[in-house]
Amino acid sequence: MPGHTENEITVAAPLDLVWEITNDLENWTELFSEYASVEILDRKGDTTTFRLTMHPDENGTVWSWVSERTPDRENRKVRARRVETGPFQHMDIHWEYSEVPGGTRLHWRQDFAMKPDAPVDDEWMTDNINRNSKIQMALIRDKIEARAGVSR
C-alpha cells in the first residue's frame, strides 16, 4: 500500500515571510537540519530542478537525489517530486500555506511508494517521514519566528 503523510504547523509570522523563507532553496541548509547541500541544476519558468544531499546518517551513508519544485504563489501551494527516485517508486510532495489566526499554517503532504527492493517498506518510511517532518517543521517555525522577532 502506498505511503501517505500529512503534517502541519502554525508559524507566528506573516504568510509572505513564511513563503519567502521556505521557498529560498539556496538557503535550505540553514533552514533544515538534515540537508548538507543544495545544488540548483536548472530553472525553467517557476520550476527549479535541484540536488539535495543529506548529512551522513547513523551508518555514515550520504543520501542524495534530484528533485523538481514548482511554487504557485497565487494559490499558496508548492508541488515537488523526486526526479531521481532512489529507493522510491515515486515521491510527490505538496506544500500548502494558509493565513490563520496567529500566523501562517504550513501543511505538508507526501505521497510515495517504495520500490520492492528498497531497504525499507512503505509503512517504515511513513513513520520515518512523520517523525522527521515534525522535527523539521518545529525547527523551521522557530527559525522563522526568530527572524520575525517572535519570542517563545
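Quick look at the structure, then. What you are looking at is a predicted structure, and each value in this text was computed from that prediction instead of being measured.

A few words now on the packing of helix α1 (residues 15-22) against helix α3 (residues 122-148). Contact geometry of α1 with α3 gives a least axis separation of 11 Å together with a crossing angle of 120°. Here α1 lies oblique to α3, going by the angle between them. Seen from above, α1 lies across α3 with right-handed handedness. Of the residues in α3, those touching α1 at Leu-17, Val-18, Glu-20, Ile-21 and Thr-22 are Ile-140, Ile-144, Arg-147 and Ala-148. Across the contact of α1 with α3, the residue classes break down as six nonpolar, one polar and two charged.

This part covers α3. For α3, spanning 27 residues, the distance from its first C-alpha to its last is 37 Å, which sits close to the expected 39 Å at 1.5 Å a residue. Looking only at α3, the buried set comprises Asp-122, Met-125, Thr-126, Ile-129, Ser-133, Gln-136, Met-137, Ile-140, Arg-141, Ile-144 and Glu-145. Buried positions along α3 lie against β1 (3-11), α1, α2 (28-31), β6 (88-100) and β7 (103-114). Trailing α3 by a residue or two, Gly-149 shows a phi angle of about 85°, which is positive.

Here the focus is α1. The element α1 is largely enclosed, with a buried count of six among its eight residues. Inspection of α1 places Leu-15, Leu-17, Val-18, Trp-19, Ile-21 and Thr-22 among the buried residues, and these make up the whole buried set.

Procedures and definitions
Residues numbered from 1 in each chain as written. Predicted model: local features only at pLDDT ≥ 70, side-chain atom pairs only at ≥ 80, totals over all residues. Heavy atoms only, no water. Axes fitted to C-alpha atoms, helices over the stretch in contact; angles between N-to-C directions. Helix = DSSP H or I, 4+ residues; strand = E, 2+ residues; numbered from the N terminus. Parallel < 35°, antiparallel > 145°, perpendicular 65-115°, else oblique. Left-handed = near helix turned anticlockwise from the far one by under 90°. Contact = heavy atoms within 4.5 Å. Nonpolar A, V, L, I, M, F, W, Y, C, P; charged D, E, K, R; others polar. Expected span 1.5 Å × (residues − 1). Buried < 20%, exposed > 50% of the residue type's maximum accessible area, 1.4 Å probe, protein only.

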